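# A look at the structure
Each chain, written out:
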Amino acid sequence: MIFACVNTKGGVGKTTTAVHLATMLAREQVTLLIDGDPQASAASWAAWRRDTEFAPSPTTTCLTGKAILTEGRALAKGFAHTVVDAGGRDSAGLRSALLLANCAIIPVGASNLDAAAMTDLLEVIDMARDYNPELLVRVLLSRVDPRTRDTADMLTFLNDHQFNVFKARVCERVAYRRAIGEGAIVHEVGRDQAAILEMNEFFKEVMQ
Ligand SMILES: Nc1ncnc2c1ncn2[C@@H]1O[C@H](COP(=O)(O)OP(=O)(O)O)[C@@H](O)[C@H]1O
Ligand SMILES: [Mg+2]
């Protein structure tokens with residue numbers, strides 16, 4: 001299965017989601033993580049990880065632009081699963097990721113800005129569907145602050161637009177920031193059970 005973590009908006013948790021998903025997949029089968037963002041955050045995570053004992057790891061490589069589709073397609077043949085961390089704007093890289101993927105996972109925050117950015121992304125996804133009609137699109141509510149009504153409002157917006165939304169939510173937790181900075185995932189630094197639990201819920205839904 002080929003997954004692409006996409007959003008035209010930055011800071012929504014694409015890299016955090018991609019790294020967690022790829023590492024959880026790697027625990028079961030050989031997995032490729034393609035860093036498709038010129039800012040190379042997933043590649044930095046992988047580089048930090050190489051200096052640790054954490055295992056298993058997804059095989060990580062950087063690709064940009066159209067190479068995400070051409071090279072990505074060739075490389076993915078050698079792996080059970082591939083996860084693409086796509087760059088945070090409408091680019092050849094984002095479009096290529098959407099053509100390569102079987103499943104697009106869109107992490108979104110809960111704010112009017114996030115909702116506005118969805119409109120741009122939808123156009124790109126609609127275009128990708130012309131060439132990749134089987135593309136599954138799923139939204140992951142990310143960096144959720146359970147104390148506010150924002151998430152409920154965002155959910156209404158997403159349901160109104162008939163998005164397929166994961167039941168699992170990823171809350172705003174320092175554990176994510178720390179884990180990524182240590183070349184790990186939340187399971188491996190193991191201090192925040194709530195974070196581990198919500199990631200497991202997300203993973204279970206992905207695999208259904
Ligand atoms: N659930 C979360 N809780 C706390 N911080 C998060 C969470 N998800 C992401 N972050 C932090 O927010 C910033 C942006 O996240 P990142 O995954 O890099 O987003 P993107 O790839 O969409 O730009 C990073 O500093 C990251 O550590
Ligand atoms: Mg990123």
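A few points on the structure.

The rules behind each value
Counting starts from 1 at the beginning of each chain's written sequence and moves along it residue by residue. Chains and ligands are labelled sequentially in the order written, the chains with letters from A and the ligands with numbers from 1. The predicted nature of this model means local features are confined to residues of pLDDT at least 70 and side-chain atom pairs, given and counted, to a pLDDT of 80 or more, with totals for whole chains, interfaces and linings taken over all residues. Side-chain metrics in this entry use all non-hydrogen atoms of the structure; hydrogen atoms and water are not considered. Here, proximity means that at least one heavy atom of the residue falls within 4 Å of the molecule or strand. Any pair of nitrogen or oxygen atoms within 3.5 Å is treated as a polar contact; in protein, a donor-acceptor pairing is required on top of that, and neighbouring residues in sequence qualify only through side-chain atoms on both sides. Working definition of accessibility: Shrake-Rupley area with a 1.4 Å probe, residue cover restricted to the visible protein chains. Only runs of H or I of at least four residues qualify as helices and only runs of E of at least two qualify as strands under DSSP, and these elements are numbered from the N terminus. Given the number of residues in a helix, its expected span is that number minus one, multiplied by 1.5 Å. The rule is simple: take the accessible area with a 1.4 Å probe, protein chains only, and divide by the maximum for that residue type; under 20% is buried, over 50% is exposed, in between is partly exposed. Here a residue-residue contact requires only that any non-hydrogen atoms of the pair lie within 4.5 Å.

Attention shifts here to the site of ligand 1. What surrounds ligand 1 is a group of 14 residues, the closest being Gly-11, Lys-14, Thr-15, Thr-16 and Cys-171. Between ligand 1 and Gly-11 there is a distance of 2.7 Å, counted from an oxygen atom to a backbone nitrogen or oxygen. A distance of 2.9 Å separates a nitrogen atom of ligand 1 from a polar atom in the backbone of Arg-173. Here ligand 1 has 550 Å² of accessible area as a free molecule, and 81% of this is covered by the chains.

What follows concerns unusual backbone geometry. Here Ala-55 and Pro-56 are connected by a cis peptide whose omega angle stands at -5°. Locating Pro-56 in the fold gives a position in the loop between α2 (41–50) and β3 (59–62). Positive phi values are uncommon outside glycine, yet Gln-162 reaches one of about 55°. Examined against the element boundaries, Gln-162 turns out to sit in the loop between α6 (150–160) and β7 (164–165).

On to helix α9 (residues 193–207), then. Taking 1.5 Å of rise per residue, the 15 residues of α9 would be expected to cover 21 Å, and the 21 Å separating its terminal C-alpha atoms lies within 8% of that figure. If you check which residues of α9 are buried, you get Ala-195, Ile-196, Glu-198, Met-199, Phe-202, Phe-203, Glu-205 and Val-206. Contact partners of the buried residues in α9: β1 (2–5), α1 (14–26), β5 (103–108), β6 (136–141), α7 (174–181) and α8 (186–189). Sitting at the amino-terminal end of α9 is Asp-192, which places a side-chain oxygen 3.1 Å from the backbone nitrogen of Ala-194.

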